[in-house]
Amino acid sequence: MIRSLSTLSCVSLALSGFSCKNRHAQSNMTSNMDSDKEEFLREFGDDYGYPNAPKNIDEIRATEFKRLDHDGLVYLDHAGTTLYSETQMEAIFKGLTTSVFGNPHSQSDSSLATAEIIREARQQVLDFCNASARDYKCIFTSGATAALKLVGEAFPWSSQSTFMYTMENHNSVLGIREYALSKGATSFAIDIEEAAHDGGGCKSPVSSIKVLQRPTLRRNEATLLEEEPSGNAYNLFAFPSECNFSGSRFSLHLVNTVKDDTARVLEGSPYRKGRWMVLIDAAKGCATKPPDLSKYQADFVVISFYKIFGYPTGLGALVVRTEAAKLLKKSYFSGGTVAASIADIDFVKRREGIEEFFEDGTISFLSIASLHHGFKILNTLSMSAISRHTASLATYARKILSTLRHGNGGYVCTLYGRHESEVLYDELGPIISFNLKRPDGSWFGYREVEKLASLSGIQLRTGCFCNPGACAKYLGLSHLDLLSNIKAGHVCWDDHDIVNGKPTGAVRVSFGYMSTFEDAKKLVNFIVSSFASWPTQAECVYLSRARSICFPDEGLKRSTPKYFLRSVIVYPIKSCGGFRVDSWPLSSTGLLHDREWLLKSLSGEILTQKKVPEMCLISTFIDLNLGILFVESPRCKVKLQIRFETDFSTAGGDELDLYSQRYEVRGYDNEVSIWFSNAVGRPCTLLRCSGSKNSFCPERGKTKGMCRDVETKLNFVNGAQLLLISEESVSDLNKRLSLNVQEGLERPPIQVNPMRFRPNLVISGGAPYAEDEWRSLKIGNQNFVALGGCNRCQMINLNHQEGEVRRSREPLATLASYRRVKGTILFGILLRYDNSDEVGQDMDSWLQVGQEVHPKTD
């Protein structure tokens, strides 16, 4: 059933966007969705949608999460944070506006009432984990990371102690290692496998676990050689209830196994001795399946509330077994944690209550007061129903993605986290982690997936998700690979998604209690239409053949096309507005004074429209005769005038590193900085380029438009001296945007003009995208070298209308459907001014609107 569903849907959707007739497949998406949902419900109807709750899933989405439908978002990053509901927030705001919450460290009536609310919240947390208030205590922290840090700081480490943890642990758990090693303890990671069975008898979970120890870490090697751990040391084992990388849920039998039978599990290891305590990182797992502490008596359980019901952030909890809490050692004391202290002698009497002892300062009592409303929603639906609901969606999506193939038979998706053992792992949680392959077996970069998903309104996450052990384990990255990646410049959250032909991370989607079948289906449709390749695609995927695919040229004689220069635009300040001219001189950096200035924040960040869209509202103009740059902004009453030669600050020049190139820069007086700070709404300074030095020349020739031209002198440009746009290419794009409106794929109608792409040169004549094939060109008497296509980003989706800047998904989303090559979306071409035959500047070194353009394709 799933196989036939995936095959039919994938084929019809994969072909859409590749040719004109196949666009009609998208008009059938609604009917396909209905039939697919019927088939989905036949398999998962008993688990999906909360049929026994006061509201089913469709009613929940319609009433509690209207903002998703309003913005057209498919939110699939619930492992990062789930979403709060409208009813939840309304109840929280009502409580804040109708009640008086006093500081719980006071004794007023309002303070005592707050203290009672906190007590009730602690009990709710314990009830959530099915923990007895006699055996466990709830310590509120500023988050799950703070709870883990508390354990690391206060655990009774000694040189005889051991810190053992599974490879699938978050960085916040790995950080405990620093405390252990600093106290002389031993630390190592482990993989857990199912032991081989001898005979045919039934095996208990305890006897079926086998531990594979990774390299032993210790900072005092002499102690390691001289001493063997004794039976008096306290040891700590940490594992996640659900891996936030893969969604694998560890069996909680690990708790009892490690605590009660460590000698067998670590048989032959010198670290089997001592008293073992267990920590569960349940920050992710609690969102759908909290641990049952009545069955599995872990010593420490870490909780993050925004991952469970979205709000509040900045609040977590450490659920600690009472006996384990008494062993923790805490040095610091603060307001609320002491019963008495004397300022000028070494005397302090600490509070005896476990919660009071560990909660430094005034806890976040307003956030704690809001927990009740989050738990109320979960209790209304029930955690078991939430678990089944999210599992049905994840299982459905996994089945389709795991069977999806390219036209040549190669698999599209590589999924991570599947396990055969029912002893070591429970069923997978509502996380799907994967990477995508091209038909030739090479990888799509996860940043490409994330970029296209964003254009499709799908919010997901990519990278290693702060889980380096699971990332390396599932991606098959050795220590040598990891060190090589770091040496190549790869760090967390960067764009280096493929290094040496291997992914450095993955794509992760995760479902929450308010996720719907439609969310899962749109994810599948997106993967199919954007990454599954079929035989018909070979006819039109390459940009050299991607002319006006759906719109034949009408009456144009292609044998001898003529091209003319229609516009010349100069942008003096990087990311600010430009101005059109009829003629303009060329220089060794391209158009004279183009991108010669930039704005830098006080923290050193270079400001661009990507982060400060309001920069496009700043207009500029240069009077060459006067030698003045004129600047205006709707936020500033006075027009700014900057003289080229006399308005520099009295301070000397400085240097700036940008795009792996070093620039010599000059700054301006405080008056200029104040003007621009008001114009962009944040403190900044204006800098002017007075020279540049090449730092390196990247590898060239692999993909069109993917290199930065550092062989010639550049101002503050991203890729090359000049950008050229064709009017015919813009017209073709606008026809495609109009077709999207007709098919209901975009609203309201969007049409763009060449200025949306911030070109320096706009030409007319010839066929759309003919410029893709140009290798050089001549305009008037001036020669230019074509460097390939310009890789477009979200910046072209900023629309300047009536003094406001509005964001949309277009035109980048449409460009992505037919102008994407190897992870880049190309539109327009980059040029370098070839002035090797020119000496000095004269009228022959000027460009003029109306000049004929003569391209060469070889």
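Keep in mind it's a predicted model, so treat the numbers as computed, not measured. (Residues numbered from 1 in each chain as written. Predicted model: local features only at pLDDT ≥ 70, side-chain atom pairs only at ≥ 80, totals over all residues. Heavy atoms only, no water.)

**Some words on the pattern of salt bridges**
The condition that has to hold: A side-chain nitrogen of Lys or Arg and a carboxyl oxygen of Asp or Glu constitute a salt bridge if their distance falls within 4 Å. Under the DSSP-based scheme used, a helix requires at least four consecutive residues in state H or I and a strand at least two consecutive residues in state E, with every element numbered from the N terminus. Exposure is judged per residue with a 1.4 Å probe applied to protein chains only, and the accessible area is read against the type maximum: over 50% gives exposed, under 20% gives buried, and values in between give partly exposed.
Applying the stated criterion to the full structure yields 36 salt bridges. Of the charged contacts in the structure, one is a salt bridge between arginine 122 and glutamate 359, with a shortest N-O distance of 2.7 Å. Of the two residues, arginine 122 is situated in helix α7 (residues 109-128) and glutamate 359 in the loop between α16 (354-358) and α17 (365-381); the sequence distance between them amounts to 237 residues. Residues arginine 122 and glutamate 359 agree in their burial class; the two are buried. Here arginine 447 and glutamate 450 are joined by a salt bridge, their closest N and O atoms 2.7 Å apart. With arginine 447 and glutamate 450 both in helix α19 (residues 446-455) and three residues apart, the pair spans about one turn of that helix. Each of the salt bridges in this network shares a partner with another, and the network as a whole consists of Glu168, Asp191, Arg214 and Lys473.

**Section: the packing of aromatic side chains**
For any pair of aromatic rings, the description consists of the separation of the ring centres together with the inter-plane angle of the planes. This is how it is decided: Centres within 6.5 Å make a pair out of two Phe, Tyr or Trp rings, where for Trp the six-membered ring is used; the pair is then stacked when the planes are under 30 degrees apart, edge-to-face when over 60, and tilted otherwise. Comment: the charge-over-ring label is applied if NZ (Lys) or CZ (Arg) is within 6 Å of the ring centre and within 35 degrees of the ring normal.
Counted by the stated rule, this structure contains 33 aromatic pairs. Summarising the aromatic geometry, the rings of phenylalanine 245 and tyrosine 474 are spaced 5.9 Å apart at their centres and angled 0° between planes, so their arrangement reads as stacked. Within this pair, whereas phenylalanine 245 is found in the loop between β6 (234-240) and α12 (253-260), its partner tyrosine 474 is found in helix α20 (residues 468-475), the two being separated by 229 residues in sequence. The exposure class assigned to phenylalanine 245 is buried, which follows from its relative accessible area of 0%. The lysine or arginine in question, arginine 67, covers the ring of tyrosine 84, its NZ or CZ lying 4.6 Å from the ring centre. Directly above the aromatic system of phenylalanine 465 lies the positively charged group of arginine 508, at a separation of 4.6 Å from the ring centroid.

**Considering the sheet that holds strand β13 (residues 431-436)**
Filter applied, for reference: In short, DSSP must find at least two bridges between two strands for them to pair. Only the contacting stretch of a helix is used when fitting its axis, a line to C-alpha atoms as for every element, and angles between N-to-C directions run 0 to 180 degrees. The contact rule is simple, with two residues in contact once any of their heavy atoms fall within 4.5 Å.
Overall, antiparallel pairing links the four strands, which are arranged β12-β13-β18-β15 in an open sheet. In this open sheet, the two strands that pair with only one neighbour each are β12 (413-416) and β15 (461-463). Taking the axes of each pair of neighbouring strands and ignoring which way they run, one obtains an average angle of 30° across the sheet. One ladder, built from four bridges, connects β12 with β13; its direction is antiparallel. Counted as the bridge partner of leucine 415 is phenylalanine 434 from β13. Docked against the sheet, α19 engages β13, β15 and β18 (506-510), running at close to 165° with respect to β15.

**Let's talk about the nonpolar core**
The nonpolar side chains of a soluble globular protein tend to be buried, and buried together. Heads up, the condition is: Take the buried Ala, Val, Leu, Ile, Met, Phe, Trp, Tyr and Cys residues and link them wherever side-chain atoms come within 4.5 Å; each set so joined is a nonpolar core.
Membership of the largest hydrophobic core comes to 116 residues, with the highest contact counts inside it found for Phe140, Phe237, Ile303, Phe305 and Ile527. Once residues within four sequence positions are removed from consideration, isoleucine 527 is found in contact with Leu401, Leu404, Val412, Cys413, Phe434, Leu436 and Ala532. Among the nonpolar cores identified, the runner-up in size contains 48 residues, and Leu591, Leu607, Leu761 and Tyr833 belong to it.

**Some thoughts on unusual backbone geometry**
Between tyrosine 311 and the following residue, proline 312, the backbone shows a cis peptide bond with an omega angle of 10°. With an omega dihedral of 10°, the bond running from glutamate 810 to proline 811 counts as a cis peptide bond. With respect to the helices and strands, the residue proline 811 is situated in the loop between β35 (804-807) and α25 (812-818). For cysteine 466, which is not glycine, the phi dihedral falls at a positive 60°. Structurally, cysteine 466 can be placed in the loop between β15 and α20. Classification of cysteine 466 as partly exposed rests on a relative accessible area of 23%. With phi around 75°, serine 575 is a residue other than glycine that occupies positive phi space. With respect to the element layout, serine 575 can be found in the loop between β19 (563-570) and β20 (579-581). According to the relative accessible area criterion, serine 575 is buried, its value standing at 5%.

**Structural notes on a nonpolar patch on the surface**
As a reminder, the rule being used: In this scheme, patches are assembled from residues that exceed 30% relative accessible area and form no salt bridge. Like charges are connected within 9 Å, while nonpolar side chains (Val, Leu, Ile, Met, Phe, Trp, Tyr) are connected within 5 Å. With residues, only the protein chains shown are counted as cover, and all accessible areas are computed by Shrake-Rupley using a 1.4 Å probe.
A contiguous nonpolar patch, built from Phe93, Leu96 and Leu366 and spanning about 270 Å² of accessible area, is present on the exposed surface. For leucine 366, the position within the fold is in helix α17. According to the relative accessible area criterion, leucine 366 is partly exposed, its value standing at 42%.

**Points about helix α4 (residues 57-64)**
Which entries qualify depends on this criterion: When we speak of the arc, we mean the arc of directions from the helix axis to the C-beta atoms. The term polar contact refers here to a pair of N or O atoms within 3.5 Å; inside protein, the definition further demands a hydrogen-donor-capable atom paired with an acceptor-capable atom, and it admits residues adjacent in sequence only when both atoms are side-chain atoms.
Among the residues of α4, Ile57, Ile60, Arg61 and Glu64 are the ones counted as buried. Taken end-on, α4 shows its buried residues confined to a sector of 100°, consistent with a single buried face. Looking at the buried residues of α4, the elements they touch are α5 (66-71), α6 (86-98), α17, α18 (383-403) and α22 (517-531). For α4, the capping residue at the N-terminal end is asparagine 56, with a side-chain oxygen 3.1 Å from the backbone nitrogen of aspartate 58.

**Remarks on the environment of phenylalanine 517**
One can find phenylalanine 517 in helix α22. Taking the relative accessible area as the measure of exposure, phenylalanine 517 reaches 0% and is therefore buried. Considered as a pair, phenylalanine 517 and histidine 389 are 128 residues apart in the sequence and their alpha carbons are 9.9 Å apart.

**Focus: the state of the cysteines**
Definition in use: Here, two cysteine sulfur atoms that lie within 2.5 Å of each other are counted as a disulfide.
If you walk through the whole model with that rule in mind, you get one disulfide. Covalently, cysteine 464 is tied to cysteine 471 through a disulfide, its sulfur atoms 2.0 Å apart. Between cysteine 464 and cysteine 471 the disulfide shows an S-S torsion of about -45°. By sign, it is left-handed. With relative accessibility at 22%, the residue cysteine 464 sits in the partly exposed group. A relative accessible area of 2% places cysteine 471 in the buried class.

**Observations regarding the pairing of strand β10 (residues 338-342)**
A regular strand places its side chains on the two faces of the sheet in alternate fashion. Pairing of β10 with strand β11 (residues 347-350), which is carried by four bridges, proceeds in the antiparallel orientation. Note on β11: the bridge partner recorded for isoleucine 342 is phenylalanine 347. Count of turn residues in the β10/β11 antiparallel hairpin: four residues.

**Thoughts on the sheet that holds strand β8 (residues 300-304)**
Read from one edge to the other, the open sheet built from eight strands follows the order β2-β9-β8-β7-β6-β3-β4-β5, with strand pairing classed as mixed. One side of each edge strand has no neighbouring strand; the edge strands of this open sheet are β2 (136-141) and β5 (209-213). Strand-to-strand twist across the sheet, computed as the mean angle between neighbouring axes with direction ignored, equals 25°. Sheet contacts for α7: β2, β8 and β9 (316-321); angle to β2, the most-contacted strand, approximately 115°.

**Quick notes on the confidence of the model for the protein**
Operational definition: pLDDT is a residue-level measure of predictor confidence that goes from 0 to 100.
Here the protein averages 84 in pLDDT, while 83% of its residues score no lower than 70. Mean pLDDT values for the elements of the protein range from 36 in helix α1 (residues 2-14) up to 98 in β8.

**Let's talk about the packing of α7 against α17**
In helix packing, the relevant descriptors are the interaxial angle and the interaxial distance, both defined with respect to the helix axes. Worth spelling out the cut-off: With respect to orientation, any angle under 35 degrees is reported as roughly parallel, any angle over 145 as roughly antiparallel, any angle of 65 to 115 as roughly perpendicular, and every other angle as oblique. Two helices crossing with the near one rotated counterclockwise from the far one by less than a right angle form a left-handed crossing, whereas a clockwise rotation gives a right-handed crossing. Three categories are distinguished: nonpolar for Ala, Val, Leu, Ile, Met, Phe, Trp, Tyr, Cys and Pro, charged for Asp, Glu, Lys and Arg, and polar for the others, with Gly belonging to the last.
One can describe the packing of α7 onto α17 by two numbers: an axis separation of 9 Å at closest approach and a directional angle of 40°. By the angle between their axes, α7 is oblique relative to α17. Crossing handedness for the pair α7 and α17: left-handed. Here Thr114, Ile117, Ile118, Ala121, Gln124, Val125 and Phe128 of α7 come into contact with α17, specifically with Phe365, Ile368, Ala369, Leu371, His372, Phe375 and Leu378. Class assignment for the residues of the contact of α7 with α17 results in eleven nonpolar, three polar and no charged.

**Some points on the side chain of asparagine 435**
By the secondary structure assignment, asparagine 435 is in strand β13. A polar atom in the side chain of asparagine 435 sits 3.0 Å from the side chain of tyrosine 416. Within the structure, the side chain of asparagine 435 is placed 2.9 Å from the backbone oxygen of glycine 505, a separation counted as a polar contact. Not counting the four nearest positions on each side in its chain, asparagine 435 is found in contact with Val412, Cys413, Thr414, Tyr416, Trp443, Tyr446, Leu475, Pro503, Gly505, Ala506 and Val507.

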